Amino acid sequence: MQKKKLKIGMLGFGSMGKTHTYAIKNLPFFYPSLPFDAELFGVCTKTPEKAEYAKNTFGYGKATTNEDELIFCDDVDIIDISTPNIYHFETLMKAIEAGKHIYCEKPLCISLDEAQKIENAAKKKGNIFGMVFNNRFIPAIMRAKQLIDEGRIGRILSFSAVYYHSSATDINKNAGWKQNKDICGGGVLFDLGSHVIDLVHFLCGDIESVSAKSQIAYPTRCGMNGEAWQTNADEAFYMLCTLASGGVGTITASKVHTGANDDVVLEIYGEKGALKYSLMDCEWLHFYDNEAKPSPLGGEKGFTKIECVGRYDAPGGVFPSPKAPVGWLMGHVTNYMEFLSSVYEGRQPCPSLSDGVYVQRVMEAGYKSDTLRRWIKVSDLSVI
Ligand SMILES: NC(=O)c1ccc[n+]([C@@H]2O[C@H](COP(=O)([O-])OP(=O)(O)OC[C@H]3O[C@@H](n4cnc5c(N)ncnc54)[C@H](O)[C@@H]3O)[C@@H](O)[C@H]2O)c1
């Protein structure tokens, strides 16, 4: 029997366009019995040279610089949004109206107002809408979710969630679009903070309120064209958060943490146990069971290093081997697999649009708190 084809129109072919293309092309290695064929139907970039390069090198059927040629093409099933943040809203509204299924990079858009318009439009049209929150798809994070859902750490008392880069500490490096608010719409909170806010929401539940402080450590640097330029997007963002369940914790996103590489570090402390995770050492989940026997000689008490490595649940985890190290790319491959499976099965994926809207709401609360220097309630953005 012929497999169902899912034809993808890729918008943007920078680092994420390439990452998504890798995921799509390599799915058959990681899932040998795929029930669908994902087809690279077309690619759109800002310059014709880049679009032609993507077409000729990676096998897209069509190259264009006009996204409408993919969005309004009857043959396209899925629109993949891998463009800079400020373009997401307008593109999403067109893709929703055209009835396409959507796979959208974080952040969903650049304001809660835009997010709600997107959500209303998609509800009316019924598009299947997946968000990219690839950090959820590392086995150690999936195992953490499983342990929390099984009640193994009990009521969450506190947490710390950070995403550190050091990329903005090089003052001689020209700013890119992620440092220019006119294109990114928000600074490191949008870029890295969106990931950790999603992880906290995914693992610890709803965030009730936030008190935030942004930081621009280098007010003047080289702009995109090499001339002196005033930094206008946060380079670090610090948030103290309360959880709806009563816990308290901190979320930090920063590009000015000297020595950091791609450091997502999570610590979650509950009544019955604790979890620790680091993306730079993501083969392992550290689990402390408060109910383990304490003696003699320490008994079984202490953090256990769980060997999560590449042990995905079936139908994944077969290639290259369940014991092989996992790596960042597999988060994207598995996120894409969840989305395409949802399209094939006609259900909403996880993470979905509602997760994108939720993260947008927390980020808006964060920026409001930073501006007003007050605590902000996440549910209605009121001052506490
Ligand atoms: N989930 C992750 O791991 C992750 C990592 C990095 C970036 N992102 C997100 O992915 C998105 C893209 O970021 P990136 O790092 O790939 O950016 P990038 O600068 O590497 O690439 C952007 C691409 O978009 C194209 N582009 C720009 N304007 C366009 C337009 N109007 N129409 C069509 N194409 C256009 C450019 O030609 C380029 O190919 C952003 O929303 C970003 O937040 C996610």
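Just so we're clear, the structure is a prediction, and the values are computed from it rather than from any experiment.

Colleague: It is not clear to me how the packing of aromatic side chains should be interpreted in this structure. Could you clarify?
Modeller: Two aromatic rings are characterised by how far apart their centres lie and by the angle between their planes. With the rule as written, the count across this model stands at 13 aromatic pairs. Where Phe13 meets Tyr60, the ring centres are 6.2 Å apart and the plane angle is 85°; that geometry is what we call edge-to-face. Taken as a pair, Phe13 in the loop between strand S1 (4–11) and helix H1 (15–30) and Tyr60 in the loop between helix H2 (48–58) and strand S3 (63–64) lie far apart in primary sequence, 47 residues in all. Comparing Phe13 with Tyr60, the two get one shared label, buried. Here a set of aromatic residues connected by ring pairs shows up, and it is made of Phe13, Tyr53, Phe58 and Tyr60. When the ring centre of Phe202 is taken as reference, the NZ or CZ atom of Lys145 above it lies at 5.0 Å. Over the aromatic face of Trp284 sits the side chain of Lys305, whose NZ or CZ is 4.4 Å from the ring centroid.

Colleague: It is not clear to me how the domain arrangement of the chain should be interpreted in this structure. Could you clarify?
Modeller: Note: interface size is frequently given as the accessible area lost on complex formation between the parts. For the chain, the assigned domains read domain 1 (4–135) and domain 2 (138–324 + 360–372). Here the C-alpha centre of domain 2 lies 26 Å away from the C-alpha centre of domain 1. At the interface, 19 residues of domain 1 touch 25 residues of domain 2. Carbon and sulfur atoms make up 60% of the surface buried where domain 1 meets domain 2, a total of about 1,900 Å² over both sides. Counting across the interface, domain 1 meets domain 2 through 1 salt bridge. The interface formed by domain 1 and domain 2 holds 6 residue pairs in polar contact (both at pLDDT 80 or more) in total. Listed by contribution, the elements that provide at least two residues to the side of domain 1 that touches domain 2 are H1 and helix H5 (112–125). The element contributing the most residues to the side of domain 1 that touches domain 2 is H5, with 3 residues. Residues belonging to the side of domain 1 that touches domain 2 are distributed by class as follows: 13 nonpolar, 5 polar and 1 charged.

Colleague: Can you help me understand the nonpolar core in this one?
Modeller: Grouped together as the largest cluster of nonpolar side chains are 104 residues, with contacts concentrated most on Leu108, Phe129, Ile207, Met239, Ile251 and Tyr277. Per-element tally for this core: the top contributor is helix H8 (residues 188–204), with 11 residues. Of the residues that make up this core, three or more belong to each of domain 1 (4–135) and domain 2 (138–324 + 360–372).

The rules behind these values
Residues numbered from 1 in each chain as written. Predicted model: local features only at pLDDT ≥ 70, side-chain atom pairs only at ≥ 80, totals over all residues. Heavy atoms only, no water. Phe/Tyr/Trp six-rings, centres within 6.5 Å; stacked < 30°, edge-to-face > 60°. Helix = DSSP H or I, 4+ residues; strand = E, 2+ residues; numbered from the N terminus. Buried < 20%, exposed > 50% of the residue type's maximum accessible area, 1.4 Å probe, protein only. Lys NZ or Arg CZ within 6 Å of the ring centre and 35° of its normal. Domains from an automatic or database assignment. Contact = heavy atoms within 4.5 Å. Buried area = accessible area lost by both parts, 1.4 Å probe. Salt bridge = Lys/Arg side-chain N within 4 Å of Asp/Glu carboxyl O. Polar contact = N/O pair within 3.5 Å; in protein donor to acceptor, adjacent residues only side chain to side chain. Nonpolar A, V, L, I, M, F, W, Y, C, P; charged D, E, K, R; others polar. Core = buried A, V, L, I, M, F, W, Y, C linked by side-chain atoms within 4.5 Å.

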